[in-house]
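# Remarks on the overall topology
Listed here are the chains, written in short residue letters.
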Amino acid sequence: MNLLLCAAALLAAVAQDIEIIGDGMGPQHRRPSRHYRLPRSGVVTIAQLPESDSVGASQWDAGYCLAEYIEGSSVDAVRCDAARCDVSSRYANATAIALGAGAGGLDVIALLNSGATVLATDGDASVLDQLASNVQANQKAGAFLGATRLRWADGGDADRAAAALAGALDLIVAADVSFHTADTRALVDALDALSRLPGRTPEILLAHTFRFLSLIHISEPTRQEAISYAVFCLK
């Protein structure tokens, strides 16, 4: 696969009334909810699970980067006549799966509101109900196939996800799912397996957070200006 940088890095502060990005487990990740503005969806409210210790209980900021990229790049064509103009979406009628969506699901919402059919997944069963609730509360278009558990190394989970997709897959998205380098092999294997489903080879959109590297762990930095985000396309 060719790796293409599809969006420039987003710096720590984001525009307008979107929340300021701070350190990863700071106060904004312990709030009951966070608010975002997206190009198609408008204002989106994401409920979090502030009492949970799960890394998927919060809406991580790379997910916002991915959602904004999806909605900002979803316009495929504008058709105009004397009466009006209709804007089409490049994701309309596409079938997509979101890996490691967490409780927030901002990327899932962006795809749905761009006209896609989407299956949301996460390896942590404890976040799935909140994930489904967030998606349904903010969905304005598209078809939501539900939120299901998908542990990347579990063949049974993978089979159930493939069945839910009915064998069709155009797009795979994931945001901040490579926090622990030990997970990378399983992620690559999952992407490979999903790419082998019948039909055309799906496009893959990955959003990644660039963090300080510590000898002990990889975590969000405490200085806001030291963190950035990028979206990559794999084709």
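Keep in mind the model is a prediction, meaning the values are calculated, not measured.

## Here we look at helix α5 (residues 184-195)
What sets the pattern is the α-helix's 3.6 residues per turn: residues three or four places apart point alike. Given a rise of 1.5 Å per residue, 12 residues ought to cover 16 Å, and the 16 Å separating the end C-alpha atoms of α5 matches this to within 8%. The set of residues buried in α5 consists of L187, A190, L191, L194 and S195. The buried side chains of α5 occupy one side of the element, clustering within an arc of 130 degrees when seen end-on. Packing partners of the buried residues in α5 comprise β6 (95-99), β9 (171-175) and β10 (203-210).

## Focus: the pattern of salt bridges
Tallying each qualifying case throughout the model produces eight salt bridges. Two residues, D154 and R151, come together in a salt bridge whose shortest N-O distance is 3.2 Å. Since its relative accessible area comes to 24%, D154 is described here as partly exposed. Taking relative accessible area as the criterion, R151 reaches 32% and is therefore assigned partly exposed. One salt bridge in this structure joins D157 and R151, with 2.7 Å as the shortest N-O distance.

## Description of the confidence of the model for the protein
The share of residues in the protein with pLDDT of 70 or more is 69%, and the mean pLDDT across the chain is 77. Note on residues 1-26: pLDDT is under 50 here. Beyond four places in sequence and across chains, it has 69 contacts. Confidence drops under a pLDDT of 50 for residues 213-227, and excluding neighbours within four residues, the segment shows 33 contacts in the predicted structure.

## Looking at unusual backbone geometry
Even without a glycine there, the phi angle at N93 is positive, about 70 degrees. Mapping N93 onto the fold places it in the loop between β5 (85-89) and β6. Despite not being glycine, D176 shows a phi value in the positive range, around 55 degrees.

## A word on the pairing of strand β3 (residues 42-47)
Summarising the sheet, strand β2 (residues 33-38) and β3 pair through six bridges and their orientation is antiparallel. Each bridged residue has a counterpart across the sheet, and for H35 the counterpart in β3 is T45. A loop of three residues connects β2 with β3, the two strands running antiparallel in sequence.

## Examining the packing of aromatic side chains
Scanning the entire structure with this criterion turns up one aromatic pair. Summarising the aromatic geometry, the rings of Y36 and Y64 are spaced 5.6 Å apart at their centres and angled 25 degrees between planes, so their arrangement reads as stacked. Of this pair, Y36 sits in strand β2 while Y64 sits in helix α1 (residues 61-72), placing them 28 residues apart in sequence. For the pair shown, Y36 and Y64 are each scored as buried.

## Digging into helix α3 (residues 128-138)
Taken as a whole, α3 has its buried residues at L128, Q130, L131, A132, N134, V135 and N138. Residues of α3 that are buried make contact with β3, α2 (106-112), β7 (117-122) and β8 (143-149).

Criteria and thresholds
Residues numbered from 1 in each chain as written. Predicted model: local features only at pLDDT ≥ 70, side-chain atom pairs only at ≥ 80, totals over all residues. Heavy atoms only, no water. Helix = DSSP H or I, 4+ residues; strand = E, 2+ residues; numbered from the N terminus. Expected span 1.5 Å × (residues − 1). Buried < 20%, exposed > 50% of the residue type's maximum accessible area, 1.4 Å probe, protein only. Arc of directions from axis to C-beta. Contact = heavy atoms within 4.5 Å. Salt bridge = Lys/Arg side-chain N within 4 Å of Asp/Glu carboxyl O. pLDDT = per-residue confidence, 0-100. Pairing = 2+ DSSP bridges. Phe/Tyr/Trp six-rings, centres within 6.5 Å; stacked < 30°, edge-to-face > 60°.

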